[in-house]
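# Breakdown of the fold
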Amino acid sequence: MFAGRRFQFRPVLTLFAALGLGVLVSLGNWQLERLQWKRDLISRVDARIDAAPIKFEEAISAMNAGDELDYTPVVVEGVYVRDHETRVFGAIKGTPGVFVFTPLQLESGSFVYINRGFVPQKLAQGENIAVAEDGRVTVTGLFRAPANPAPPASWFQPTTQSADGLWHLRDPALFARSANIDAVPFYLD
């Protein structure tokens, strides 16, 4: 069948094969870099999650000084302002629902949003779905920076509230602007 046939160099086919190989090698490298990033993140979270909580004001000062504090335990005192409660669409183990973000008014008058947890969609239809606490409360949670997806994911991520009142980004600055309040650009989980 191949008797008498010689190899014939095809430049266009060779170019496409080389480009395809280059794309596959770069995707493989990207996956290895992502794996290392994920392992570093997990080890950082494991190291921080059991640490003693620091005061919220200390965390803000450290963050402003350039420290990276994601997943650092933080304690803060204030009063929940349920009128500005915000819901962020999400899913846990395939179950759609909302994360309830309630602003906590600090003694200084500013606010910090607290992610009070996940509520499955079938239970999230009510007006007030979070457990109500009246008066001054002490909250211990994990310090988190707002979600800022990188391109190309950010190209498709809505940055405004949907018609049904849900957000799709965990960004306290957006919540505060919508509620017309002064909130720090970080939140607690």
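The structure under discussion appears in the preceding block.
What comes next is a walk through the structure. (Residues numbered from 1 in each chain as written. Predicted model: local features only at pLDDT ≥ 70, side-chain atom pairs only at ≥ 80, totals over all residues. Heavy atoms only, no water.)

### Thoughts on the overall build of the chain
Of regular secondary structure, the chain possesses 4 helices and 8 strands. When the elements of the chain are put in sequence order from the N terminus, they spell out α-β-α-β-β-β-β-β-α-β-α-β. Taking 16 Å as the expected radius of gyration for a compact globule of 189 residues, we find that the chain reaches 24 Å, considerably beyond that expectation. With respect to the principal axes defined by its C-alpha atoms, the chain has extents near 90 × 40 × 30 Å. When each of the 189 residues of the chain is scored for burial, the buried share is 33%. Residue pairs in contact within the chain that sit at least 24 positions apart in sequence constitute 59% of those at least 6 positions apart. If you sum the accessible surface of the chain, you get close to 12,500 Å²; carbon and sulfur atoms cover 58% of it. (Helix = DSSP H or I, 4+ residues; strand = E, 2+ residues; numbered from the N terminus. Rg over C-alpha atoms; globule rule 2.2 N^0.38 Å. Buried < 20%, exposed > 50% of the residue type's maximum accessible area, 1.4 Å probe, protein only. Contact = heavy atoms within 4.5 Å. Areas by Shrake-Rupley, 256 points an atom, 1.4 Å probe, with all protein chains shown as cover.)

### With respect to the pairing of strand β8 (residues 183-188)
Within β8, 5 of the 6 residues are buried, leaving the element largely enclosed by the surrounding structure. Bridge count for strand β5 (residues 111-120) against β8 is 3 bridges, and the pairing is parallel. Across the sheet, the residue bridging to Phe 111 is Ala 183, located in β8. Sheet analysis places strand β6 (residues 136-144) next to β8, joined by 2 bridges and oriented antiparallel. Along β8, the bridge assignment pairs Phe 143 with Leu 188. (Pairing = 2+ DSSP bridges.)

### What to know about the pairing of β6
The pairing of strand β2 (residues 73-80) with β6 spans 7 bridges and is antiparallel. What sits directly across from Pro 73, in β6, is Leu 142.

### As for the packing of aromatic side chains
Within the structure shown, the criterion is met by 7 aromatic pairs. Here a set of aromatic residues connected by ring pairs shows up, and it is made of Phe 101, Tyr 113, Trp 167, Phe 175 and Tyr 187. Over the face of the ring belonging to Tyr 80 we find Arg 116, whose NZ or CZ atom lies 4.1 Å from the ring centre. If you follow Arg 170 out to its NZ or CZ, it ends over the ring of Phe 99, 4.0 Å from the centre. (Phe/Tyr/Trp six-rings, centres within 6.5 Å; stacked < 30°, edge-to-face > 60°. Lys NZ or Arg CZ within 6 Å of the ring centre and 35° of its normal.)

### Side note on the nonpolar core
Counting residues in hydrophobic clusters, the biggest one holds 18 residues, and the most contacted among them are Phe 56, Val 76, Leu 104, Val 112, Ile 114 and Phe 143. The set of elements that each furnish at least two residues to this core consists of α2 (56-64), β2, β5, β6 and β8. Considering each element in turn, this core owes the most residues, 4 residues, to α2. Excluding anything up to four places from it in sequence, Val 112 contacts Phe 56, Val 76, Thr 102, Pro 103, Leu 104, Leu 106, Val 184, Phe 186 and Tyr 187. If you look at the next biggest cluster of nonpolar residues, it comprises 15 residues, including Val 81, Leu 174, Ala 179 and Ala 183. (Core = buried A, V, L, I, M, F, W, Y, C linked by side-chain atoms within 4.5 Å.)

### Quick word on unusual backbone geometry
Positive phi, normally seen in glycine, also occurs at Lys 93, with a value near 50°. Mapped onto the elements, Lys 93 comes out in the loop between β3 (86-92) and β4 (95-105). Phi angles above zero are rare outside glycine, and Asn 180 is one such case at about 60°. Counting through the fold element by element, Asn 180 comes out in the loop between α4 (172-179) and β8.

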